[in-house]
Amino acid sequence: LNHDYPPPQEVLDVWVEHWGEGVMLPFFNVPAESYRGFQAAILLPFCLAIWMLMGGTARLLALLFGGKHSYETYLRVTGFTFFTIWLISAFLDYLYSSAFQGIVLNGLRGEYGPLVDGLLQAFMPVEYTVLYGLAAVNITLATRTIEGFSWWKAAIIGIAAFAWPMALVSSVVR
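The following paragraphs examine the structure supplied in this document.

The subject of this paragraph is the overall build of the chain. Counting secondary structure elements, the chain contains eight helices and zero strands. Along the chain, from the amino end to the carboxyl end, the secondary structure elements read α-α-α-α-α-α-α-α. Evaluated residue by residue, the chain yields a buried proportion of 36% over its 174 residues. Taking the intrachain contacts of the chain between residues at least 6 apart in sequence as the baseline, contacts between residues at least 24 apart amount to 69%. Approximately 9,700 Å² of the chain is accessible, and the part contributed by carbon and sulfur atoms is 71%.

Structure representation (structure tokens):
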């Protein structure tokens, strides 16, 4: 399996055909052959910034709803959730993009029929919707437990806190 970026043109064409250029090609104007190194260099600061935004968003909303816990408490709550989801998604993405790359690529080329093509194309959006949804639920439950908020207040905090990784990761990291 070839793990270089960009992949061979015929492979990249399949990815772009199914998810579009906006999803599969670099967001920043970085030469394609340097893009993976660029991602590796920005990954840690980017993830730490997302985590701080999540904790700050949760803390701010909790304050508006009368919460008493500190920013550090919300960093713990969101950090546990964010980094757990990150590890799970990295493992699933590895399976999809590397371990089963040949099967996925053949399926996306239509070699196993339109049903498999559709399922493979839907896998990533469904994966992230489920994982981000579970993260929002976890933050909601933790906020309800530590602050004693009603469900609707805790749900607003859970959803808002996890909007950052959803928006930033899906728009910047390819």
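Moving on, there is more to tell.
Running from amino to carboxyl end, helix α4 (residues 71-99) crosses helix α6 (residues 114-147) at an angle of 160°, the nearest separation of the two axes being 10 Å. In this view, α4 runs roughly antiparallel relative to α6, as classed from their interaxial angle. As for how α4 packs across α6, the hand of that crossing is right-handed. Split into classes, the residues belonging to the contact of α4 with α6 amount to 17 nonpolar, eight polar and three charged.

Relative to the elements of secondary structure, A155 occurs in helix α7 (residues 151-161). Placed 18 residues apart in sequence, A155 and V137 show a C-alpha to C-alpha distance of 7.4 Å.

Before going further, it helps to spend a moment on a nonpolar patch on the surface. A grouping of F100, I103 and Y112 is seen on the molecular surface, where their side chains present a nonpolar patch of about 310 Å² in accessible area. Take F100: it is sitting in the loop between α4 and α5 (101-108). By relative accessible area, F100 is classed as partly exposed at 43%.

With the rule as written, the count across this model stands at 11 aromatic pairs. Taken together, a centroid distance of 5.0 Å and an interplanar angle of 65° make the contact between F82 and F83 edge-to-face. For F83, a relative accessible area of 25% translates into the label partly exposed. Aromatic side chains F82 and W86 sit 6.2 Å apart centroid to centroid with 20° between the ring planes, which places their arrangement in the stacked category. Here the residue F82 and the residue W86 both occupy positions in helix α4, the gap between them amounting to four residues, near one helical turn. On the accessibility criterion, F82 (6% relative accessible area) is buried. W86 gets classed as partly exposed once you look at its relative accessible area, which sits at 30%. Clustering of aromatic rings is evident, with ring pairs tying together W51, F82, F83, W86, Y128, Y132 and F162.

General note: in soluble globular proteins, nonpolar side chains tend to be found buried as a group. Among the nonpolar cores identified, the biggest contains 20 residues, and M54, F82, I139, I157 and F162 are the most heavily contacted of them. Those elements that place two or more of their residues in this core are α3 (35-64), α4, α6 and α7. Per-element tally for this core: the top contributor is α3, with seven residues. When neighbours within four sequence positions are excluded, I139 is seen to be in contact with M54, V77, T78, T81, I157, G158, A161 and F162.

About the criteria used
Residues numbered from 1 in each chain as written. Predicted model: local features only at pLDDT ≥ 70, side-chain atom pairs only at ≥ 80, totals over all residues. Heavy atoms only, no water. Helix = DSSP H or I, 4+ residues; strand = E, 2+ residues; numbered from the N terminus. Buried < 20%, exposed > 50% of the residue type's maximum accessible area, 1.4 Å probe, protein only. Contact = heavy atoms within 4.5 Å. Areas by Shrake-Rupley, 256 points an atom, 1.4 Å probe, with all protein chains shown as cover. Axes fitted to C-alpha atoms, helices over the stretch in contact; angles between N-to-C directions. Parallel < 35°, antiparallel > 145°, perpendicular 65-115°, else oblique. Left-handed = near helix turned anticlockwise from the far one by under 90°. Nonpolar A, V, L, I, M, F, W, Y, C, P; charged D, E, K, R; others polar. Patch = residues over 30% accessible without salt bridge, like charges linked within 9 Å, V, L, I, M, F, W, Y side chains within 5 Å. Salt bridge = Lys/Arg side-chain N within 4 Å of Asp/Glu carboxyl O. Phe/Tyr/Trp six-rings, centres within 6.5 Å; stacked < 30°, edge-to-face > 60°. Core = buried A, V, L, I, M, F, W, Y, C linked by side-chain atoms within 4.5 Å.

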